Amino acid sequence: MSKTTLVAPVTVQGRGEMIRVEHLKKKFGDFEAVGDISFVVNKAEVFGLLGPNGAGKSTILRILSTLARPTDGTASIGGYDVVKQDNEVRRLVGIVSEKMIMYDRLTAKENLWFFGSLFDIPADTLNQRIDELLELVQLTKWKNSLVGTFSTGMRQRMNVVRALLNMPQVLFLDEPTLGLDPQSSVEIREFVKKLNRDTGTTIIVTTHTMVDADMLCDRIGIIDHGKVVALDTSSNLKRLISGTNNMVLKVDVPNLSPALVEGVRALGNVKSVSQEDSTHLKIIASGDDAFDSIIDAVRKYGGKIASMENVQPTLEDVFLHLTGHEVRDSADQKIPLERHRGFMGGARRIR
Amino acid sequence: MANRDLLSHSFRIAWKDVVELYRNKFGLVLLIVMPIFMMGMVGFIYPSNTNSGNNLPVGVVNLDGGNSNSTLASQAFISVLQQINTKTSMFKLTTLSSESALKDSIQRGDLEGGIIIPSNFSASLLSGKQGTVTIMTDTSNPQVSATIQTLLSAVFNEMSTGMAQQKVMALDPTIGSNGAIAIVQPLKVVTQGIVPGSSNYFEFVAPGIMAMTVMMSVMTGLPGAISQEKEVGTMDGMMVAPISRLSIILGKTLAQTARGLLQGVILMILAVTLFGVTIQGNILLVFGLMLLGVFSFVGLGIVLTSITSDQQTATMLMTTIMFPMMFLSGVFFPIQQMPWYMQDVSRMLPLSYATDALRKVVVLGAGIPDIATDLTILISFGIVMTAIAVPVFRRAMTR
């Protein structure tokens, strides 16, 4: 990323409270997407919402960015209510949606100009800001190219800088690394960290990838089925496992069988078992005799143990420990809305 | 200040839509081709002079045995028919031997109709009775059937009058041909419209098609423009900006109106250059009416788009509403021809008033005072629908 720095319109003073969410509820018909959620995010903090797809993370971001109305409860940003003072809130926030907010038939510059002009930024300021932002994400070369010809990584960078046009004090990122290659994901993460460090922008990021949450967030709220199940720093969350009597074991059994997995799961001192790949099991267990009883159980089902190690717990383990299921269990439930391209519009690129 | 912002935001949104449309070359071509098809279709299907046949193939069956001593009355009849036809070339006459041969030819589609002169034709005329001529038509094609009936009846009527005129003159030679015609046909009908020139069906239909196309363009364009942005997600980009929701509606509408007007202008140029429609009224008033038509429709379009979940449903709903509207609004058939309950339905559709007003201006050269009622209704409809549309849209977008 470039060395250009961003200057927020208002300098952040102190580390007060920026976002307050109280008993927030959102229902779609009978389906409760968000059920009674409360949390506070401080100024200049990077706050993560971690959970599987369909857990209600996106809905929370949509409510906070005035794109959806809460069914019940309140939320405020910088002291402004998201329902009653929506236009004030809109000036304070920027949202990087899961969907790419850009027009394929406009150039990079035209896209940014269009969205920026809706914020009443003076023309020369806006022009300058667009140049700075494009430079920041290394898209200056493609300034006058149609966005429809961009790669996914380039599009996501466009998507991020679009949200920065109004120099928001609060930035919402909804699954910013979804569908990106590892290289682009790293770039986006570094960009977000730098933005937070340089400008003190408060950031809420939703993700179902543990790496994002672990690397980016000061604090993480773990969300499952519309409820916050835990909220703390990454290391404190991990201590939920290691701080108690629990340990995380990685066992390599070359001849794994379903019966063996169930047998281990049935043990009294085993909290949870997840199968990592065809030979590896990850077991969260407690008690002094955990090692022995697991070894006994594996051998009882005819398993041969190639290796067994005590590993550091990850956020994934924390999620499993807290909810009893894995993040990816329900991660594929939501079918992404494919863009309707219509008659003769099947081609991805625009000629 | 707030109003200026509202307008400037709408213009930016409209500009963006127009640029997108302009860069979509295939869509642009379709946009221009559609009115050409529309006008071409209607213009050529309904020729300007509807009551003249154009070399319609008609068979003639002469079964008249007559009287060997005198010239057959039927032959004289046929030669007069041929004389008239040579002048007007309405029919292509073919002689056939029997009634069944004529029937076969009509069934095969070789002929559109036929004339049958019965065997007692000459005998009846000579004995002072009425001579009967039968017209046979292809009743499966009512349009052509009616044309043939009308044309032949007119020809026979003319021949019949001529024969009666001669008979009267024979009875009293002093009376003269003018006196004779006054006895045979005491009344003569002359038709005159209130504007110069003869009117035709196309002049009736053209203004309606203009109104309809502009509105259809907006009605089908809006669900595309709004639902698609909603689905793709770009609508969020506008919704998170601190702008009035009305300016989003206005901007979208402006772009759609520009699109509709482009089609309207193409239609108008075609109607004038190819099909001889003359615009009697003020051309600015014509444009003003098309704009007003759009305004009256937009609210309805926004409401329908807002209550549907996706683009496909929105388009389907729009088509469902557009079709009856096309036929009930007097675009193709005069409202006065419909049964009273249908007329009542028609009176609830804004397109009826737009069509009516546009027709009056184009065909009759009407000015604003003449169409004040239409204008009032269109403006009120537009205001009411827009007032409903804004909150519905706001709710739908922040679900």
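Residues numbered from 1 in each chain as written. Chains lettered and ligands numbered in written order. Predicted model: local features only at pLDDT ≥ 70, side-chain atom pairs only at ≥ 80, totals over all residues.

A. Spotlight on the overall build of chain B. The number of helices and strands found in chain B is 15 helices and four strands. Taking 399 residues into account, the globule formula puts the C-alpha radius of gyration at 21 Å, and chain B, at 30 Å, lies well above it. Taking all 399 residues of chain B together, 37% fall into the buried category. Expressed as a percentage of contacts within chain B between residues at least 6 apart in sequence, the contacts between residues at least 24 apart total 77%. (Helix = DSSP H or I, 4+ residues; strand = E, 2+ residues; numbered from the N terminus. Rg over C-alpha atoms; globule rule 2.2 N^0.38 Å. Buried ≥ 20, exposed ≤ 12 C-beta atoms within 10 Å, placed from the backbone. Contact = placed C-beta atoms within 7 Å.)

B. Main features of the overall build of chain A. If you tally the helices and strands in chain A, you get 11 helices and 14 strands. Among the 351 residues that make up chain A, the fraction classed as buried is 41%. Counted over contacts in chain A with a minimum sequence separation of 6, partners at least 24 positions apart contribute 71%.

C. Expanded view of the domain arrangement of chain B. Domains assigned within chain B are domain 1 (2-48 + 200-397) and domain 2 (56-184). Put simply, the middle of domain 1 of chain B and the middle of domain 2 of chain B, counted by C-alpha atoms, are 51 Å apart. (Domains from an automatic or database assignment.)

D. Focus on helix α3 (residues 73-88) of chain B. All names here are of chain B. Its 16 residues give α3 an end-to-end C-alpha distance of 23 Å, which sits within 8% of 22 Å, the value for a rise of 1.5 Å per residue. Within α3, burial applies to A73, S74, F77 and L81. Considered in projection along α3, the buried side chains sweep an arc of 100 degrees and stay on one side of the axis. Turned more than 90 degrees off the buried face of α3, the exposed positions are S79, Q83, T86 and K87. Contact partners of the buried residues in α3: β1 (56-62), β3 (113-117), α5 (121-126) and α6 (142-171). Phi for S89, located one or two positions after α3, is positive at around 40 degrees. (Expected span 1.5 Å × (residues − 1). Arc of directions from axis to C-beta.)

E. Region of the structure containing the interface of chain A and chain B. Every contact between the two is made by 27 residues of chain A and, on the other side, 24 residues of chain B. Elements represented by at least two residues in the side of chain A that touches chain B include exactly α2 (86-92) and α3 (108-117) of chain A.

F. Highlighting the packing of helix α2 (residues 25-45) of chain B against helix α10 (residues 245-275) of chain B. Residues and elements named next belong to chain B. Relative orientation of the contacting elements α2 and α10 amounts to 35 degrees, with a least axis distance of 9 Å. For α2 against α10, the interelement crossing comes out right-handed. Here α2 contributes L31, I32, M34, P35, I36, M38, M39 and G43 to the contact with α10, which in turn contributes R259, L262, Q263, I266, L267, L270, A271, L274 and F275. Per-class residue counts for the contact of α2 with α10 are 14 nonpolar, two polar and one charged. (Axes fitted to C-alpha atoms, helices over the stretch in contact; angles between N-to-C directions. Left-handed = near helix turned anticlockwise from the far one by under 90°. Nonpolar A, V, L, I, M, F, W, Y, C, P; charged D, E, K, R; others polar.)

G. Structural view of the domain arrangement of chain A. Residue and element names in this part refer to chain A. Per the domain assignment, the segments of chain A are domain 1 (17-232) and domain 2 (237-328). Taking only C-alpha atoms into account, the centre of domain 1 sits 36 Å from that of domain 2. Opposite the 12 residues of domain 1 that make contact, domain 2 presents nine residues. Those elements giving two or more residues to the side of domain 1 that touches domain 2 turn out to be α7 (210-216), β9 (219-224) and β10 (227-232). Its residues assigned to classes, the side of domain 1 that touches domain 2 shows eight nonpolar, one polar and three charged.

H. Quick look at the sheet that holds strand β6 (residues 93-96) of chain A. All names here are of chain A. Read from one edge of the open sheet, six strands run β6-β7-β8-β3-β9-β10, paired in mixed fashion. The open sheet has two edge strands with one neighbour each: β6 and β10. The average angle at which neighbouring strand axes cross in this sheet is 15 degrees, direction not considered. Pairing of strand β3 (residues 46-50) with strand β8 (residues 202-207), which is carried by five bridges, proceeds in the parallel orientation. (Pairing = 2+ DSSP bridges.)

I. Structural context of the pairing of β3 of chain B. Residues and elements named next belong to chain B. The buried fraction of β3 amounts to four of the five residues, a majority that puts the element mostly inside the structure. Pairing of β1 with β3 involves five bridges; the strand directions are parallel. Bridging across to β3, V61 finds its partner in I116. Where β3 lies against strand β4 (residues 134-137), four bridges are found, and the strand directions are antiparallel. Considered in β4, the bridge of G114 is made with M136.

J. View of the sheet that holds β4 of chain B. Residue and element names in this part refer to chain B. Spatially, β2-β1-β3-β4 is the arrangement adopted by the four strands of the open sheet, whose pairing is mixed. In this open sheet, the two edge strands, each paired with only one partner strand, are β2 (91-96) and β4. Looking at each pair of strands side by side, their axes are set apart by 25 degrees on average, direction ignored.

K. Layout of the environment of S98 of chain B. Mapped onto the elements of the fold, S98 of chain B is located in the loop between β2 and α4 (99-108). S98 of chain B sits 37 residues away from V61 of chain B along the chain, and the two C-alpha atoms are 6.0 Å apart.

L. Layout of the packing of α3 of chain A against helix α5 (residues 152-162) of chain A. All names here are of chain A. Running from amino to carboxyl end, α3 crosses α5 at an angle of 25 degrees, the nearest separation of the two axes being 10 Å. When the axis of α3 is compared with that of α5, the two are roughly parallel. Pair α3 / α5 crosses with right-handed handedness. Here α3 contributes A108, N111, L112 and F115 to the contact with α5, which in turn contributes M158, V161 and R162. Its residues assigned to classes, the contact of α3 with α5 comprises five nonpolar, one polar and one charged. (Parallel < 35°, antiparallel > 145°, perpendicular 65-115°, else oblique.)

M. Local environment of the environment of V89 of chain A. All names here are of chain A. Relative to the helices and strands, V89 resides in helix α2. What makes V89 buried here is the crowd of 24 C-beta atoms within 10 Å. Sequence separation between V89 and K43 is 46 residues; the distance between their C-alpha atoms is 15 Å. Look past the residues within four positions of V89 in its chain and what remains in contact with it is T66, I77, Y80 and V82.

N. Spotlight on the pairing of β9 of chain A. Residues and elements named next belong to chain A. Most of β9 is tucked away, with five of its six residues classed as buried. Looking at chain direction, β3 and β9 are connected through four bridges and run parallel. Note that in β9 the partner of F47 across the bridge is R219. A loop of two residues connects β9 with β10, the two strands running antiparallel in sequence, and H225 in this loop sits at a positive phi of about 50 degrees.

O. Region of the structure containing the environment of I307 of chain B. Within the secondary structure, I307 of chain B is located in helix α11 (residues 283-307). C-alpha of I307 of chain B to C-alpha of F26 of chain B: the two residues are 281 residues apart in sequence and 29 Å apart in space.

P. Broad picture of the confidence of the model for chain B. All names here are of chain B. For chain B, the mean per-residue pLDDT works out to 82, and 93% of the residues sit at or above 70. The weakest mean pLDDT in chain B belongs to α5 at 79; the strongest belongs to helix α9 (residues 234-239) at 92. As a predicted assembly, this complex carries a pTM of 0.73 together with an ipTM value of 0.77. (pLDDT = per-residue confidence, 0-100.)

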